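# Notes for the structure review
Chain by chain, the residues run as shown.
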Amino acid sequence: MTPDHGLKVVVVGLGYIGLPTAAIIARTGASVLGVDVTQSVVDTVNSGKVHIEEVDLDGLVSGVVARGALRASVQIEPADVFVIAVPTPFADDHAPNIGYVLQAATNIATVLKAGDTVILESTSPVGTTEKVRDLLAQLRPDLKVPGKTSEGADIAIAYCPERVLPGRILVELIDNDRVIGGVTPRCARKALAFYRRFVRGACVTTTARSAEMTKLTENAFRDVNIAFANELSRVADTMDVDVWEVIRLANRHPRVNILSPGPGVGGHCIAVDPWFLVHADRANTPLIRTAREVNDAKVDYVIDRAIAMVEAHAGPVACLGLAFKANIDDFRESPALAVAQALATRFGERVRIVEPYVDQLPAAFDGTGVQLIDIDTAIETCPMMIVLVDHEIFKSVPLDERVDKIVYDTRGIWPDQPRIKAPPVPLRLAS
Ligand code: SAJ
């Protein structure tokens, strides 16, 4: 939390991680430039506004922009520290695409000088930071890069993954421990000094490769554990047992802590990152790969069950939630969205959607006849309900307002709701 008014920082990528990170660094007194390829994002930030929804981010950004501590541009400028926070998507065959990272490094190379630090935060396959180092060495032969010189290097290069949870980003950016992997130990120490400016959690140093694998491991761990819960939910349906009760009871064991089943795993991290490990070593990752497939197959299972329910009854059905998880407006890779779309395609105007985080439905619903309604209207008009997201507002609906409804609760938010018997649905894995 040390203020340093002389420090210049460039954050490349003003998305869900880059913008909050840039704003928090700016609050420490550093002079921060956020660089993004999208002009409208740059304009929005420069006007003190935000293009993403995240708790307290709007106030923070408007404050640091008003003070001149944070600016945005499509053009990179010289700085002391460069933080890369760009997307690393994957292709159809799950091969990671580090093109945006290498493009960011190419831009940084144009302004890099001796004494600078380059830190990669994007979730990346193991070895990416070394590729960034090799690219910088190739583009800037005048600079001595770490690990390629027996003398002291001119620049430091490190990998420090973000680990924040959407909805708690500003808190977790400061409070979470950070794993800082240097291309050399000296690089790690240099990056450590930077993170100590704004991180209250412990900052632990290691190699870049270990830090890269640590990030992938964290999200694969969560994916595998959610897959276990999702698998249990299917078994419990077959046995006609309440999976939520079973999990609650099992979790009373001191060494058991089962996560929650749901309609599948969404978001841009947990549904993506495990593939980076699988792609790197397919022969040795049957568990991680199967977990991914189990979680993907859960979406199809929920669709099949929902279709069977809607076909068996008359009247409209309310889909509660479209977001990929509770209390956020983020629809990326959302299983809830996939289920609602499948129902919209099949049942058209019988489908109603309740999503308190939007004013209008996504374009995917154009022409389907599906309406966006509020929860009160859903309770008044829909005899069927499918709970797809555990938003707080849904949780607070008392039993007497829904006791007569036919409910498929994929999130277990209404434990007192009479359960409907599940039709048998076969498991279909991708491989
Ligand atoms: N989910 C379940 N059951 C659960 C927990 C989650 O079905 O018990 C579902 C959610 O509904 C959602 C998906 O999994 O669809 C992912 O949600 P999440 O809250 O588990 O994770 P993310 O994607 O919001 O954030 C994760 C976090 N990683 C871990 O918890 C290991 C976060 O700390 C990372 O920074 C983030 O990925 C990232 O950027 O990699």
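## What about the packing of aromatic side chains?
For the coordinates displayed, the defined rule picks out three aromatic pairs. Taken together, a centroid distance of 5.7 Å and an interplanar angle of 75° make the contact between Phe194 and Phe198 edge-to-face. By the burial criterion, Phe194 is buried, and Phe198 matches it. Grouping aromatic residues by their ring pairs yields a cluster made of Phe194, Tyr195 and Phe198. Over the ring of Tyr408 we find Arg305, and its NZ or CZ is 4.0 Å from the ring centre.

## Notes on the packing of helix 11 (residues 286-312) against helix 12 (residues 335-347)
Running from amino to carboxyl end, helix 11 crosses helix 12 at an angle of 40°, the nearest separation of the two axes being 10 Å. Where helix 11 crosses over helix 12, the handedness of that crossing is right-handed. Contacts from Val299, Val302, Ile303, Ala306, Ile307, Val310 and Glu311 in helix 11 reach Pro335, Ala338, Val339, Ala342, Leu343, Arg346 and Phe347 in helix 12. Each residue belonging to the contact of helix 11 with helix 12 can be placed in one class, and the counts come to 12 nonpolar, no polar and two charged.

## Let's talk about the sheet that holds strand 10 (residues 351-354)
The strand order across the open sheet formed by five strands is 11-10-9-12-13, and the pairing between neighbours is parallel. Two strands bound the open sheet, and with one partner strand each, they are strand 11 (371-372) and strand 13 (406-409). As judged from the four bridges shared by strand 9 (residues 317-320) and strand 12 (residues 384-387), these two strands associate in the parallel manner. Each residue of the ladder has a partner; that of Leu320, found in strand 12, is Val387. Sitting on the sheet, helix 11 is in contact with strand 9, strand 12 and strand 13, with an inclination near 180° to strand 13.

## Let's talk about unusual backbone geometry
Positive phi values are uncommon outside glycine, yet His94 reaches one of about 70°. Relative to the helices and strands, His94 resides in the loop between strand 4 (81-84) and helix 4 (99-109).

## Structural notes on the domain arrangement of the chain
According to the domain assignment, the chain contains domain 1 (8-201) and domain 2 (217-409). Taken over C-alpha atoms, the centre of domain 1 sits 33 Å from the centre of domain 2. Contacts between domain 1 and domain 2 engage 16 residues on the former and 14 residues on the latter. Counting each side, the surface lost to burial between domain 1 and domain 2 is near 1,300 Å², with a carbon and sulfur contribution of 65%.

## Some details on the sheet that holds strand 5 (residues 117-120)
Two modes of strand pairing occur in sheets, parallel and antiparallel, and in both the strands are linked by backbone hydrogen bonds. Pairing is mixed across the open sheet formed by eight strands, whose spatial order is 3-2-1-4-5-6-7-8. Only two strands of the sheet have a single neighbouring strand rather than two, namely strand 3 (70-73) and strand 8 (203-207). On average, adjacent strands in this sheet sit at an angle of 25° to one another, irrespective of strand direction. Pairing analysis gives five bridges linking strand 1 (residues 8-12) to strand 2 (residues 31-35), with the strands arranged parallel. Counted as the bridge partner of Val9 is Val32 from strand 2. Relative to the sheet, helix 5 (residues 128-139) contacts strand 5 and strand 6 (156-159), its axis offset from that of strand 6 by approximately 155°.

Thresholds applied
- Residues numbered from 1 in each chain as written.
- Predicted model: local features only at pLDDT ≥ 70, side-chain atom pairs only at ≥ 80, totals over all residues.
- Heavy atoms only, no water.
- Phe/Tyr/Trp six-rings, centres within 6.5 Å; stacked < 30°, edge-to-face > 60°.
- Buried < 20%, exposed > 50% of the residue type's maximum accessible area, 1.4 Å probe, protein only.
- Lys NZ or Arg CZ within 6 Å of the ring centre and 35° of its normal.
- Axes fitted to C-alpha atoms, helices over the stretch in contact; angles between N-to-C directions.
- Helix = DSSP H or I, 4+ residues; strand = E, 2+ residues; numbered from the N terminus.
- Left-handed = near helix turned anticlockwise from the far one by under 90°.
- Contact = heavy atoms within 4.5 Å.
- Nonpolar A, V, L, I, M, F, W, Y, C, P; charged D, E, K, R; others polar.
- Pairing = 2+ DSSP bridges.
- Domains from an automatic or database assignment.
- Buried area = accessible area lost by both parts, 1.4 Å probe.

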